[in-house]
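Below, each chain spelled out in residue letters.
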Amino acid sequence: MFDVILMEFKKLKRTTIVWLSVLGGVAAPLLNFMLYMYRKSNGYDAVFSDMVNQVNMFILLLLGLMLYSLVTAYTYSREYEEDTLKSVLTIPVGRTTLVISKLIVVIIWVFLLTLLSYVTTTILAIIGGFSGIDSASLFAAFKYFIKSFLYMLPLLTPVIFATLLFKKYIPAMVMSIVIATSNLMIMNSKYAEIFPWTIPLILTNPPDVREYPVYLSYVSLTATGIIFLILSVIYFRKRDL
Amino acid sequence: MVNVLETIGLTKKYGNFKAVDSLSLQVESGQVYGFLGNNGAGKTTTIKMMLGLVEPNFGKILYFGKEFSSSKQNILKKIGAIVEIPGFYGNLDGYQNLKVFSRLRGIPKSNAIEESLKTVGLEISDKKKVSKYSLGMKQRLGIARALLSSPEILILDEPTNGLDPSGIKEMRELFRTLAREKNLTVFISSHILSEIELLADKVGILHNGVLVDEVDMNVLKSRQNKYIEIKVDCLEKSAKILETELKIFDYEVRQDKSIRIFDYKHDISEINRILVNENIKVYKLISDSKSLESYFMEAIKGDLNV
């Protein structure tokens, strides 16, 4: 499996998607930085922790969701789109090994993008002269980003399933756009606590009053991740090429 | 002779449509097996089943006497394959692509990539991305990938597609050399009859998913040179006379009520004289030759009676 993971990274050499994902990773901090600098120019205080919250909300509900879906869908669909899957499977690489190895690559990639977003947020806040930057707030922000990353992981598996089902990345991307739009509608309702795609934000920014017990949020999120991973593996193992 | 590859009653259905129907064939060690059929005959589906890419509904596949389904991963390590047009990572060059596949295959030999690129006539130093390759170059790279791990059997689905005439000749010579010198077994599908005719030791003809005929090329060649075809009013009596009077035993009685004589030692006029003397009406008496093409056409029309 180590070789499969290593070769997945090698395959990314000279691809545009890597640079696109980097752009996506800095987009949320950059947009929020511009927003806060505008506010600052109008006399408002720009606080580092506020920007961290805002960047994470962008990532969890919109930009990150779509960017991570793109990275996941690309990783799984390229074997179909470049017609390499038949060769890989006759190498032979086991079908389950391939699904899991690619998932590990996506997790590492998403982790690096999370780190990039954190570092960009911090650097921009320092450049912008934001208040409330000290070692404690930097560490708290880091923890916040890592938590967001971990809560987003189960949401990668529905994208994997959609990509394997349609053999292209576009349906998975359409799905993620629909979900991102739904997030905006659901976020202000009580169902945000049990809708898998809004749960990461609910867990990182707990509401004052909860409508559902917190374990239900964890169950919903974990079950989504596990169910779609199992479905993906079963489907991919059974499917004729 | 050991069968390197054998299928028994292999069947694949898509709904009510049988893409491959009860296919049983044997490929011996060191043999070049030509798998002939029109487009849509079921060749690629068969090859995909042989490589575990498509699950058969019924039947068995055996490699080296072992059932494929029970030891798929180990058996695949001994196979080099091309299925349809070979796919590569377009952002990488040929060498880098082979490096990826070689690493995935766990090939320890450091110069395996260089050797296989050289074998198929591709430049090792060519840094061009595969997305810029012509179809012919992709085919060559596909063959190089199939040869990477020094397989015991090559399974090739239309491997000369996109190659120019000199490339086709080169690849044909390469496959023959590999079979003769390295005792590599080659299973090659094609719809180009002339190609298979020059390459194969044995030919299987697939039509509408059914293996309509399997013939040793030596047998075909011995019959291929020339034959005498006669059309008479009484087939049974004529056949008896051929055997008793002329001692001809290598002949076939065909569905179109003619007799083909492959034992070509006899004078055509002598055959005519003896048949007429026995009061048999001879309507037609010609000598002709039979190519793989005519054999193939007859086989898929279903009027072969060997």
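Structure: see above.
Just so it is clear, the model here is predicted, and its values are computed rather than measured.

**Q** I keep staring at the overall build of chain B and nothing clicks. Help me out?
**A** The secondary structure content of chain B amounts to 11 helices and 14 strands. Along the first, second and third principal axes, the C-alpha set of chain B runs to 75 × 40 × 35 Å. Of the contacts made within chain B by residues no fewer than 6 positions apart, 71% connect residues no fewer than 24 positions apart.

**Q** Would you mind going over the overall build of chain A with me for this structure?
**A** Within chain A one finds 10 helices and zero strands. Reading the helices (α) and strands (β) of chain A from amino to carboxyl end gives α-α-α-α-α-α-α-α-α-α. On C-alpha atoms alone, chain A measures out to a radius of gyration of 19 Å, which is about the 18 Å that the 2.2 N^0.38 rule sets for 241 residues. Overall, the C-alpha framework of chain A stretches about 65 × 45 × 30 Å when taken along its three principal axes. The buried share of chain A, reckoned over its 241 residues, is 39%. Considering only intrachain contacts with a sequence separation of at least 6, the fraction spanning at least 24 residues in chain A is 80%.

**Q** Got a minute to help me understand the nonpolar core in this structure?
**A** Here is a general trend for soluble globular proteins: nonpolar side chains tend to be buried in one another's company. Judged by nonpolar contacts, the single largest core of 77 residues is most densely connected at Ile155, Val186, Phe187 and Ile188 of chain B. When near neighbours in sequence (up to four residues on either side) are disregarded, Val186 of chain B contacts Val32, Tyr33, Leu154, Leu156, Phe175, Leu178 and Ala179 of chain B. Core analysis: the second largest hydrophobic core is formed by 51 residues, Met51, Leu113, Phe195 and Leu201 of chain A among them.

**Q** Just checking my understanding: could you explain the environment of Ile268 of chain B for this structure?
**A** Residue and element names in this part refer to chain B. The topology assignment puts Ile268 in helix α10 (residues 268–277). Residue class for Ile268 comes out partly exposed when judged on the 14 C-beta atoms lying within 10 Å of it. For the pair formed by Ile268 and Ile230, sequence separation is 38 residues and the distance between their alpha carbons is 9.9 Å. In contact with Ile268, other than residues within four places in its own chain, are Ile228, Leu285 and Ser287.

**Q** Mind showing me how you'd approach the interface of chain A and chain B here?
**A** Every contact between the two is made by 22 residues of chain A and, on the other side, 26 residues of chain B. Broken down by secondary-structure element, the contributors of at least two residues to the side of chain A that touches chain B are α1 (2–11) and α4 (85–89) of chain A. Broken down by element, the side of chain A that touches chain B gets its largest block of residues, five residues, from α1 of chain A. In terms of residue class, the side of chain A that touches chain B is made up of eight nonpolar, five polar and nine charged.

**Q** Explanation requested: the sheet that holds strand β6 (residues 79–82) of chain B in the structure shown.
**A** Strand pairs in the sheet, formed through backbone hydrogen bonds, run parallel or antiparallel to each other. Residue and element names in this part refer to chain B. Pairing is mixed across the open sheet formed by six strands, whose spatial order is β6-β7-β8-β3-β9-β10. In this open sheet, the two strands that pair with only one neighbour each are β6 and β10 (210–216). Direction aside, neighbouring strands of the sheet carry axes that sit 15 degrees apart on average. With five bridges connecting them, strand β3 (residues 32–37) and strand β9 (residues 202–207) associate as parallel partners. Following the sheet pairing, Phe35 is matched in β9 by Gly204. Lying on the sheet, helix α6 (residues 165–181) is in contact with β3 and β8 (185–190); it crosses β8 at an angle near 150 degrees.

**Q** It is not clear to me how the sheet that holds strand β14 (residues 282–288) of chain B should be interpreted in this structure. Could you clarify?
**A** Residues and elements named next belong to chain B. The four strands lie next to each other as β12-β13-β11-β14, forming an open sheet whose pairing is antiparallel. In this open sheet, the two edge strands, each paired with only one partner strand, are β12 (251–253) and β14. Taking the axes of each pair of neighbouring strands and ignoring which way they run, one obtains an average angle of 15 degrees across the sheet. Contacting β11 (227–232), β12 and β13 (258–261), helix α9 (residues 235–244) crosses the sheet at an angle of about 20 degrees to β13. Along the sheet face, α10 touches β11 and β14 and points at about 160 degrees away from the line of β14.

**Q** Any chance you could explain the environment of Val4 of chain B here in plain terms?
**A** Residue and element names in this part refer to chain B. When you line up the elements, Val4 lands in strand β1 (residues 3–14). Expressed as a C-alpha distance, the spacing of Val4 and Leu211, which sit 207 residues apart in the sequence, is 19 Å. With sequence-adjacent residues up to four places away left out, Val4 is seen in contact with Val27, Glu28, Ser29, Tyr63, Phe64, Glu152, Ile153 and Thr185.

**Q** What exactly am I supposed to notice about the pairing of strand β4 (residues 58–63) of chain B here?
**A** Side chains on a regular strand alternate between the two faces of the sheet. Residues and elements named next belong to chain B. Pairing of β1 with β4, which is carried by five bridges, proceeds in the antiparallel orientation. Within the sheet, the bridge partner assigned to Thr11 lies in β4 and is Phe58. Where β4 meets strand β5 (residues 66–67), two bridges bridge the pair, whose relative direction is antiparallel. Bridging across to β5, Leu62 finds its partner in Glu67. Once β4 ends, the chain turns through two residues before running back antiparallel as β5, passing Phe64 with a positive phi of about 50 degrees.

**Q** In this structure, what is going on with helix α10 (residues 214–238) of chain A? I would like to understand it.
**A** Residue and element names in this part refer to chain A. Under the 1.5 Å per step criterion, the end-to-end length of α10 is 36 Å for 25 residues, consistent within 8% with the ideal 36 Å. Listing the buried residues of α10 in full gives Ser217, Leu221, Phe228, Ser232 and Val233. Looking at the buried residues of α10, the elements they touch are α5 (95–127), α6 (135–152), α7 (156–166) and α9 (199–204).

**Q** Even after reading the chapter, I still don't get the environment of Tyr227 of chain B, so can you show me in this structure?
**A** Turning to its location among the elements, Tyr227 of chain B is positioned in strand β11. Separated by 11 residues in sequence, Tyr227 of chain B and Ser238 of chain B have C-alpha atoms that sit 16 Å apart.

**Q** Teacher, can you tell me more about helix α3 (residues 48–81) of chain A here?
**A** Residues and elements named next belong to chain A. Counted at 1.5 Å a residue, the expected span for α3 with its 34 residues is 50 Å, but the 43 Å between its end C-alpha atoms falls short. Maximum bend of α3: about 60 degrees, positioned at Ile59. Just downstream of α3 lies Asp83, where phi reads positive at about 60 degrees.

**Q** Help me understand the pairing of strand β2 (residues 17–28) of chain B in this model?
**A** Residues and elements named next belong to chain B. Bridge analysis of β1 against β2 gives eight bridges, and the strand direction is antiparallel. Considered in β2, the bridge of Asn3 is made with Glu28. Here β1 hands over to β2 after two residues, with Gly15 in that stretch at a positive phi of 65 degrees.

Rules and cut-offs
- Residues numbered from 1 in each chain as written.
- Chains lettered and ligands numbered in written order.
- Predicted model: local features only at pLDDT ≥ 70, side-chain atom pairs only at ≥ 80, totals over all residues.
- Helix = DSSP H or I, 4+ residues; strand = E, 2+ residues; numbered from the N terminus.
- Contact = placed C-beta atoms within 7 Å.
- Rg over C-alpha atoms; globule rule 2.2 N^0.38 Å.
- Buried ≥ 20, exposed ≤ 12 C-beta atoms within 10 Å, placed from the backbone.
- Core = buried A, V, L, I, M, F, W, Y, C linked by C-beta atoms within 7 Å.
- Nonpolar A, V, L, I, M, F, W, Y, C, P; charged D, E, K, R; others polar.
- Pairing = 2+ DSSP bridges.
- Axes fitted to C-alpha atoms, helices over the stretch in contact; angles between N-to-C directions.
- Expected span 1.5 Å × (residues − 1).
- Bend = angle between axes of the 7 residues up to and from the residue.

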